Amino acid sequence: MLQIARIRADKETVIQGLKKRNINAKDLIDSVLSLDEKRRQTQANFDNSKAEMNRYSKEIGQLFKSGEASKANILKEKTTQLKEQLKVLEQSLTETTNELQELLYQIPNVPNVIVPEGSNEEDNEEVFSSGDIPDLDSEALPHWELAKKYDIIDFELGNKITGAGFPVYKGQGARLQRALISYFLDKNVAAGYTEYQLPHLVNEASGFGTGQLPDKEGQMYHVTADNLYLIPTAEVPGTNIFRNVVLNESDLPIGITGYTPCFRREAGSYGAHVRGLNRLHQFDKVEILRVEHPERSYTALDEMVDHVKSILEELKLPYRILRLCSGDLGFTSALTYDFEVYSTAQKRWLEISSVSNFETFQSNRLKLRFKDADGQNKLAHTLNGSSLALPRVLAGILENYQSSEGIEVPEVLRAYTGFDFIK
RNA sequence: GGAGGAAUGGCAGAGUGGUCGAAUGCGGCAGUCUUGAAAACUGUUGAGGGUCACACCUCCGGGGGUUCGAAUCCCUCUUCCUCCGCCA
């Protein structure tokens, strides 16, 4: 959520920024500003009436104390009309505030100036690529075939137990998964992130805190009996640690990492793109998350990108980094880098990480602040990224490391898996 | 799951209808004193809205209600504690 103060002070920059997202926000911003004006006016009216009422109450109290009950009762009668008026004003204030809030919820984050203009993923800007795409022979298999051949992932069993999109990892497949999780977490901890184990279900307030609610309600699994939601990403419980928190400036920066399963309904997804591990209802992910001083957040973003890079270098997978264009940029993000690994057998790129700076967009909604040197409370910047999403990394490993002898385990993982080859 | 009790400022802890945004203690900050520090003393110390700045308004777990007036009374939800039951 954008700060109303920013819109008030810097209306044109906001409109220009949103134009990049192909949004003509002028009318929306104008309604926001006029509603804001109305809200403040209503607030002032309410406050004045309330102040009057408070004066009456005080006076009545004093009259009762000094035994002048009849005088007090006369005053009491005077308050009835005022009371009615207060009720009306309060209702109007609530309505206006809510209306304003709803409009603000509709406005996406203002893209950073370096976000390239564009309408869809075609316009994303490749900023880096690394690793050779192996020249596989014609017998190269896509990962779902490899999974079957080596009996390491059982999609049908998942269908039986739960439904489509809930694969079962078996034997070396399961151990490879566990190895990846441990390896990612160890890398993150070594880079200074504090490891957390977070709840996999969250309440409504947390859903609102990170913006999954009310907009994307249909994307989450909802446990209606207890009104809890299965997390679609560790970002939700991880970021809500900081809901309604005032930090000391010296607490910053904060870095957190955690492994969680992620649950996504993916309503409306189908076809070849959801084949195998490409798109699942349940998958594993290790997340990194930072809370930063506004002056440092873009340095932090670069650090995060470099960190994820180093993981992919160690895994020796062919990958590229994209700077998302304005049309592909997420609602809450000001700047996002996507990491994609090349799926050699499918001949397509698979997104395995997305690293974003939200600036104050999340913290404004969360009320995540820090006390600066002058004792002022200011909104902190939040960032997060995957390091990494497991299924597509696994797909990348299976496909890129395959040979007639089996699937070689990337060297860095061998200490974790305890085996060098999947045969 | 059942029965009781509780939730107040960074922490501890008073306050059971009327100048209570809230006593007191601890902690934090500033000052006096000191070569420096400690101790002692003095002052200060929550958040949001609003204003050029004041004024003013809101907030005592969340939501709703009663009342001229609510931290205080009522309803409801949540969380914590004690006891019973169940259980990895």
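Residue numbers restart at each chain and count upward from 1, following the sequence in its written direction. Numbering of ligands from 1 and lettering of chains from A proceed in the order in which they are written. This being a predicted model, a pLDDT of at least 70 is required before a residue's local features are given, and a value of 80 or more before pairs of side-chain atoms are given or counted; all residues contribute to the totals for chains, interfaces and linings. Values shown for side chains rest on all heavy atoms present in the structure; no hydrogens or waters enter the calculation.

### Things to note about the domain arrangement of chain A
At step 1: Segmenting chain A into domains produces domain 1 (4-106) and domain 2 (121-422).
At step 2: Here the bounds of each domain stem from an automatic or database domain assignment. For domain 1 and domain 2, the distance between their C-alpha centres works out to 43 Å.
At step 3: Whether two residues touch is decided by their heavy atoms; if any such pair falls within 4.5 Å, the residues are in contact. Opposite the five residues of domain 1 that make contact, domain 2 presents seven residues.
At step 4: For the pairing of domain 1 and domain 2, the buried interface totals around 610 Å² over both sides, and the portion due to carbon and sulfur atoms is 41%.
At step 5: Of all residues in domain 1, the largest losses of buried area upon contact with domain 2 belong to Lys20, Arg21 and Tyr105, amounting jointly to 79% of the total for that side.
At step 6: Counted as salt bridges are all cases of a side-chain nitrogen of Lys or Arg within 4 Å of a carboxyl oxygen of Asp or Glu. Counting across the interface, domain 1 meets domain 2 through zero salt bridges.
At step 7: Polar contacts, as counted here, are pairs of nitrogen or oxygen atoms within 3.5 Å of one another; within protein the pair requires one atom able to donate a hydrogen and one able to accept it, and residues that are adjacent in sequence qualify only if both atoms are side-chain atoms. Connecting domain 1 to domain 2 are four residue pairs in polar contact (both at pLDDT 80 or more). The term buried area means the drop in 1.4 Å probe accessible area that two parts suffer when joined, counted for both and summed.

### Considerations on the packing of aromatic side chains
At step 1: For this analysis, a ring pair means two rings from Phe, Tyr or Trp (six-membered ring only for Trp) whose centres lie within 6.5 Å, classed as stacked if their planes differ by under 30 degrees, edge-to-face if by over 60, and tilted for the remaining angles. The tally for this structure, following the rule as stated, stands at seven aromatic pairs.
At step 2: Plain terms: the ring middles of Phe128 and Tyr319 are 6.0 Å apart, the flat faces sit at 40° to each other, and that makes the pair tilted. Taken as a pair, Phe128 in strand S1 (residues 125-130) and Tyr319 in strand S11 (residues 319-323) lie far apart in primary sequence, 191 residues in all.
At step 3: For Tyr319, a relative accessible area of 1% puts it in the buried group. Each helix is a run of DSSP H or I of at least 4 residues and each strand a run of E of at least 2, with the numbering of both proceeding from the N terminus. Buried residues are those whose accessible area, probed at 1.4 Å on protein chains only, stays under 20% of the maximum for their type, while exposed residues exceed 50% and partly exposed ones sit between those limits.

### Examining the pattern of salt bridges
At step 1: The final tally for this structure, using the stated rule, is 20 salt bridges.
At step 2: Note that Lys11 is salt-bridged to Asp30, the shortest N-O span being 3.0 Å. One end of the pair, Lys11, is in helix H2 (residues 11-19); the other, Asp30, is in helix H3 (residues 26-65), with 19 residues separating them in the sequence.
At step 3: Taking relative accessible area as the criterion, Lys11 reaches 25% and is therefore assigned partly exposed.
At step 4: What you see here is one network of salt bridges that share partners, running through Arg8, Asp36, Glu37, Arg39 and Arg40.

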